[in-house]
Amino acid sequence: MQIKKSVITKISLISIIPAWLLISLFEASTFILIDPKPVIYRAWETASNIEGKDAYRTPFKPHFKYNFLAHGDSINMLHFKPNPNELRKQIFTVDEYGFRNRVGLLNNPVDAVIFGTSQVAGANETQPNLVSELLTDKYNTPTYNHGLLPLQRFWENEWFMKHPPKYVIVLGTEKEVQESSWIETLAENQAPDYNPKTWSSLEEWQQENLPNSNFGLNKIMIYNYDQITSLFKNYSVTRYLINKLHTEILNKLFTREQLAKIYNNTELDYDPSQDMIFYQPKEGNPTLTEKSQQDIKNSMTVLKQTRDLLKKRGITLIVAAVPTKAHLYYQAYQNIPESQQSLNVLEQELGVNEIEHIKFHAILHKEAAKTNEPLLYYREDSHWSARTNQIVAKLLAEKIKQLSQSTSN
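Residues numbered from 1 in each chain as written. Predicted model: local features only at pLDDT ≥ 70, side-chain atom pairs only at ≥ 80, totals over all residues. Heavy atoms only, no water.

Draft legend 1. Local environment of the overall build of the protein. When its secondary structure is counted, the protein shows 16 helices and 9 strands. By the compact-globule yardstick of 22 Å for 409 residues, the protein fits well, its C-alpha radius of gyration being 24 Å. A principal-axis box enclosing the C-alpha atoms of the protein has dimensions of 95 × 50 × 35 Å. Scored against the burial criterion, the 409 residues of the protein give a buried share of 50%. Intrachain contacts of the protein at a sequence separation of at least 6 include 74% that bridge at least 24 residues. (Helix = DSSP H or I, 4+ residues; strand = E, 2+ residues; numbered from the N terminus. Rg over C-alpha atoms; globule rule 2.2 N^0.38 Å. Buried < 20%, exposed > 50% of the residue type's maximum accessible area, 1.4 Å probe, protein only. Contact = heavy atoms within 4.5 Å.)

Draft legend 2. Spatial organisation of helix H10 (residues 237-253). With 17 residues, H10 should cover 24 Å at 1.5 Å per step; its first-to-last C-alpha distance of 25 Å lies within 8% of that length. Within H10, burial applies to Val 237, Thr 238, Thr 247 and Leu 250. The backbone nitrogen of Thr 238 has a side-chain oxygen 3.4 Å away, supplied by the residue at the start of H10, namely Ser 236. (Expected span 1.5 Å × (residues − 1). Polar contact = N/O pair within 3.5 Å; in protein donor to acceptor, adjacent residues only side chain to side chain.)

Draft legend 3. Structural view of unusual backbone geometry. Phi angles above zero are rare outside glycine, and His 79 is one such case at about 60°. With respect to the element layout, His 79 can be found in the loop between strand S1 (65-70) and strand S2 (88-93). Phi at Asp 275 is positive, roughly 50°, even though this residue is not glycine. With respect to the secondary-structure elements, Asp 275 resides in the loop between strand S6 (268-271) and strand S7 (276-279). Using a relative accessible area of 22% as the deciding quantity, one classes Asp 275 as partly exposed.

Draft legend 4. Inspection of the environment of Lys 359 at higher detail. Along the polypeptide, Lys 359 turns up in the loop between strand S9 (357-358) and helix H15 (361-368). According to the relative accessible area criterion, Lys 359 is exposed, its value standing at 54%. Distance in space between the C-alpha atoms of Lys 359 and Glu 179 is 18 Å, their sequence separation being 180 residues.

Draft legend 5. Up close: a nonpolar patch on the surface. Among the surface-exposed residues, Ile 14, Ile 16, Ile 17, Trp 20 and Leu 21 lie close enough to one another that they form a single nonpolar patch of about 540 Å² accessible area. As for its placement among the helices and strands, Ile 14 is situated in helix H1 (residues 2-33). (Patch = residues over 30% accessible without salt bridge, like charges linked within 9 Å, V, L, I, M, F, W, Y side chains within 5 Å. Areas by Shrake-Rupley, 256 points an atom, 1.4 Å probe, with all protein chains shown as cover. Salt bridge = Lys/Arg side-chain N within 4 Å of Asp/Glu carboxyl O.)

Draft legend 6. Looking closely at H15. Among the residues of H15, His 361, Leu 364, Glu 367 and Ala 368 are the ones counted as buried. Along the long axis of H15, the arc covered by the buried residues comes to 140°, so they all point the same way. Exposed side chains of H15 directed beyond 90 degrees from the buried face belong to Ala 362 and Lys 366. In this structure, the buried residues of H15 make contact with strand S8 (316-322), helix H13 (325-329), helix H14 (342-352) and helix H16 (386-408). (Arc of directions from axis to C-beta.)

Draft legend 7. Molecular detail of the domain arrangement of the protein. Annotation of the protein at the domain level lists domain 1 (2-33) and domain 2 (43-199 + 235-408). Domain 1 and domain 2 are separated by 46 Å when their C-alpha centres are compared. Tallying the contact residues gives 4 residues for domain 1 and 6 residues for domain 2. Buried area between domain 1 and domain 2, both sides added, is near 340 Å², and the carbon and sulfur share of it is 63%. Three residues stand out in domain 1 for area buried against domain 2, namely Phe 26, Glu 27 and Phe 31, and they jointly supply 76% of the buried area on that side. Our count for the domain 1 to domain 2 interface comes out at 0 salt bridges. (Domains from an automatic or database assignment. Buried area = accessible area lost by both parts, 1.4 Å probe.)

Draft legend 8. Broad picture of the sheet that holds strand S3 (residues 112-115). Across the sheet, 5 strands lie side by side as S4-S3-S5-S8-S9; this open sheet has parallel pairing. Looking at which strands have only one partner, the edges of the open sheet turn out to be strand S4 (143-145) and S9. In the sheet, S3 pairs with S4 via 3 bridges, with the strands oriented parallel. Residue pairing in the sheet places Ile 114 in a bridge with Asn 145 of S4. Along the sheet, H16 contacts strand S5 (167-173), S8 and S9; its crossing angle with S8, the most-contacted strand, is approximately 150°. (Pairing = 2+ DSSP bridges. Axes fitted to C-alpha atoms, helices over the stretch in contact; angles between N-to-C directions.)

Draft legend 9. View of the side chain of Thr 324. Examined against the element boundaries, Thr 324 turns out to sit in the loop between S8 and H13. The buried category is assigned to Thr 324, whose relative accessible area is 7%. The residues contacting Thr 324, other than those within four sequence positions of it, are Thr 173, Glu 174, Lys 175, Gly 284 and Tyr 377.

Draft legend 10. Expanded view of the packing of H15 against H16. Orientation of H15 relative to H16, taken along the N-to-C sense of each, is 145°, at an axis distance of 12 Å. Of the two elements, H15 crosses H16, and the hand of that crossing is right-handed. Across from Ile 363, Leu 364 and Glu 367 in H15, the residues of H16 making contact are Arg 387, Ile 391 and Leu 395. For the contact of H15 with H16, the residue count by class is 4 nonpolar, no polar and 2 charged. (Left-handed = near helix turned anticlockwise from the far one by under 90°. Nonpolar A, V, L, I, M, F, W, Y, C, P; charged D, E, K, R; others polar.)

See below:
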């Protein structure tokens, strides 16, 4: 009996080998046949420069192009299947320097350079709807998207030292402007840190920046075990397909409200009445507190220093602080008096300190109340929507026109 069990165990183990080989061959073939590879969390991450040697100053893979459907970044964490209206066409274009712009935009000097986090880089937004693209095309203000890298990288960039823009725009949520000083902090540095390289193709960049890479996109010879495991963890098609099947089954068995309870996440809060997911809603609390008052004070110190340094190169700083998703839509924050909202105080302080800025507080509250218009933030995403980008671009264009006229007078 014991011998029989031993034989069965051996047969079972041996039978796994063909399945493992089949899956391995399938996975290996996908790195040649599927381009770009699907990812589990965010589709646009296929463009991110995570493993490149120049990742510290090149946020995306130069000349990369993504053209597929995408959905919100919070939806997978709760295993929600995206509804048809939550699937959006996303075109993601990267220029020859590794920033999310059209190739050739810097062939001529630009009027403005815009800074911020993934809100500016447009993580889940299609290319034509980015603020930088709208300013360039709709408002005839050529604007370079420098999103995801701090202002200091721009300050030390030899190209921008020779061709300084007229305006630098710091765009983010109210919390980012108050707390993320890495975006807007400048330190004096006369000598350029680097002369940005113009990459002629994605393949050229890969050969120089990816270890052991000598082929085209996703056709990479890798000999390092850590690189292999990382690559398969992020880009395994088998894992992607199993995850899709798992999500399909769960959404057949449970409602979104039930799934939100099953996969309860301390960082996420699902509101079934609005069918809306909030990422870290407590972090988006708009209430003026002792901490937020100190944050605003610190932010003013940083922004004034940055404004004065930019002036040395004839550049005007413009700050644009957008209400958070929680501020506009989270039920618990809807009845906070205006005088007790930190964004209102932030805008007042920007005015007192003579820092050029856009006043979004009243405008976006009014826009958020419109029930016949698209939401200002996507239901299943932590980023604001195309509608918000349109409003932001319009107000920035008006501000730039006003500043331009006052300078000419």
